[in-house]
Amino acid sequence: MNREARPVDDSPVTHPTHKTGWIEVICGPMFSGKTEELIRRLRRAQIARLRVAIFKPKIDNRFSEDRVVSHSDVSLPSVAVSSSAEILERASVAHVLGIDEAQFFDADLVNVCKELANRGVRVIVAGLDQDYRTVPFEPIPHLLAEAEYITKTLAICVRCGAPANRTYRLSEESERVVVGASDRYEARCRSCYIKPKE
Ligand code: ADP
Ligand code: ZN
């Protein structure tokens, strides 16, 4: 081929002067290690001496008002906020920003994460991808479409020991959001999961 004839852009690659941010999503059922994985990534960022900020919705006061706490009891200090807009207000000078229990935030969380990533922040979001009826749990599906990196975590099915991607509610309550842990929920695989009655 005549190389001369090709419309080649041979200008040298210039490394960007802006700081590139991005969005990482960690999603799966309850007990699948989303919070542990979020904490692991944030701790490594702290070791790298990056400024880290961690947020969670006010609704999730399962264990602690001011920490994100996993079911295995690892934890990090966090700020409880009542809206996604408050995350933007309080993001300050964070290089890395973690958000836990993201399914409890309003739809605007997607724009907040985009805005932060555009500013150069590494945004790590953890949350349930499905509710207890297996219905996609917004705003996580939207965030998956927007994210650069996606990690799906699996729990262990308490019935058969297979990898579990579903959250089964033990109690009879039918509201979408009923906060609880192993007192109310079980991780179950596709075959052991039973859909609740309408
Ligand atoms: P998530 O944020 O996804 O709800 P966590 O990070 O809070 O999960 O907790 C994960 C931990 O939960 C595991 O390391 C394990 O100690 C515990 N755990 C309890 N039940 C299960 C289960 N059925 N499958 C896997 N881990 C479980
Ligand atoms: Zn099973």
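Every residue gets a number counted from 1 within its own chain, in the order that chain's sequence is written. By the order in which they are written, chains take letters starting at A while ligands take numbers starting at 1. Owing to the predicted nature of the model, reporting of local features is limited to residues with pLDDT of at least 70; listing and counting of side-chain atom pairs is limited to 80 or more, with chain, interface and lining totals taken over all residues.

Undergrad: Tell me about unusual backbone geometry, and please be specific about residues and values.
TA: If a residue is not glycine, its phi is most likely negative; likewise, a peptide bond is most likely trans. Cis geometry marks the peptide bond from Glu138 to Pro139, where omega comes out at 5°. Counting from the N terminus, the helices are the DSSP runs of H or I reaching at least four residues and the strands are the DSSP runs of E reaching at least two. Relative to the helices and strands, Pro139 is located in the loop between strand 7 (122-128) and helix 4 (140-146). The backbone of Asp73 sits at a positive phi, close to 80°, despite the residue not being glycine. Here Asp73 lies in the loop between strand 3 (67-69) and strand 4 (75-77). If you check the backbone angles, Ser92 has positive phi at about 50° while not being a glycine. With respect to the element layout, Ser92 can be found in the loop between helix 2 (84-90) and strand 6 (96-99). With C-beta atoms placed from the backbone, a residue is buried if 20 or more other C-beta atoms are within 10 Å of its own, exposed if 12 or fewer are, and partly exposed between those counts. With 8 C-beta atoms counted inside 10 Å, the residue Ser92 sits in the exposed group.

Undergrad: Residue-level account of the sheet that holds strand 8 (residues 149-152), with values.
TA: Strand pairing is assigned whenever DSSP identifies at least 2 bridges connecting the two strands. With parallel pairing, the 6 strands of this open sheet are ordered in space as 5-2-6-7-1-8. Of all the strands in the sheet, just strand 5 (79-81) and strand 8 have a single pairing partner and so form its edges. Sheet twist, expressed as the average angle between the axes of neighbouring strands with direction ignored, equals 20°. Bridge analysis of strand 1 (residues 22-28) against strand 7 gives 7 bridges, and the strand direction is parallel. Considered in strand 7, the bridge of Val25 is made with Val125. By definition, residues are in contact whenever their C-beta atoms, placed on the basis of the backbone, come within 7 Å of each other. Axis angles are defined between N-to-C directions and span 0 to 180 degrees, where every axis is a line fitted to C-alpha atoms and, for a helix, only to the segment in contact. Across the sheet, helix 1 (residues 34-47) touches strand 1, strand 2 (52-57), strand 6, strand 7 and strand 8, and the angle it forms with strand 7 is around 165°.

Undergrad: Could you give me a rundown of the site of ligand 1, with the residues and numbers involved?
TA: Whether a residue is near a molecule or strand depends on its C-beta atom, generated from backbone atoms, being within 6 Å of that molecule or strand. Inspection of the region around ligand 1 gives 16 residues, with Lys34, Thr35, Ser70, His71 and Ser72 positioned closest. Mapped onto the shell around ligand 1, the elements with two or more residues apiece are helix 1 and strand 9 (155-156). For the shell around ligand 1, the element with the most residues is helix 1, which contributes 3 residues. Side-chain classes are defined by residue name, with Ala, Val, Leu, Ile, Met, Phe, Trp, Tyr, Cys and Pro counting as nonpolar, Asp, Glu, Lys and Arg as charged, and the others, Gly among them, as polar. Of the residues contributing to the shell around ligand 1, the split by class is 6 nonpolar, 8 polar and 2 charged.

Undergrad: Help me get a handle on the pairing of strand 6, residues and values and all.
TA: The two faces of strand 6 match: Val96 and Gly98 on one face and Leu97 and Ile99 on the other face are all buried. With 4 bridges joining them, strand 2 and strand 6 adopt parallel strand pairing. Residue pairing for strand 6: Val52 is matched across the bridge by Val96. With helix 3 (residues 109-118) bridging strand 6 and the parallel strand 7, this β-α-β connection has right-handed handedness. Look down the strands so they point away from you; if the path from the first strand over the helix to the second goes clockwise, the crossover is right-handed.

Undergrad: Describe helix 1, with residues and values.
TA: One less than the number of residues in a helix, times 1.5 Å, gives the span that helix is expected to have. Here helix 1 spans 20 Å end to end across 14 residues, near enough to the 20 Å set by a 1.5 Å rise per residue. Taken together, the buried positions of helix 1 are Lys34, Thr35, Leu38, Ile39 and Leu42. Along the axis of helix 1, the buried residues cluster in a sector spanning 125°; they form a single face. Facing away from the buried surface of helix 1 by more than 90 degrees, the exposed residues are Arg44 and Ile47. The inward-facing, buried residues of helix 1 abut strand 1, strand 2, strand 3, strand 4, strand 6 and strand 7. What the arc covers is the set of directions going from the helix axis to the C-beta atoms.

Undergrad: Give a detailed account of the nonpolar core, specifying residues and quantitative values.
TA: Throughout this description, the term nonpolar core refers to a group of buried Ala, Val, Leu, Ile, Met, Phe, Trp, Tyr and Cys residues whose C-beta atoms join them within 7 Å. Membership of the largest hydrophobic core comes to 45 residues, with the highest contact counts inside it found for Ile23, Val25, Leu97, Cys113, Val123, Val125 and Leu143. For this core, the secondary structure elements donating two or more residues are strand 1, helix 1, strand 2, strand 6, helix 3, strand 7 and helix 4. Top element by residues in this core is helix 3. It accounts for 6 residues. In contact with Val123, not counting residues within four places along its chain, are Gly21, Ile23, Leu97, Cys113, Leu116 and Ala117.

None of this, on its own, says anything about what the molecule does.
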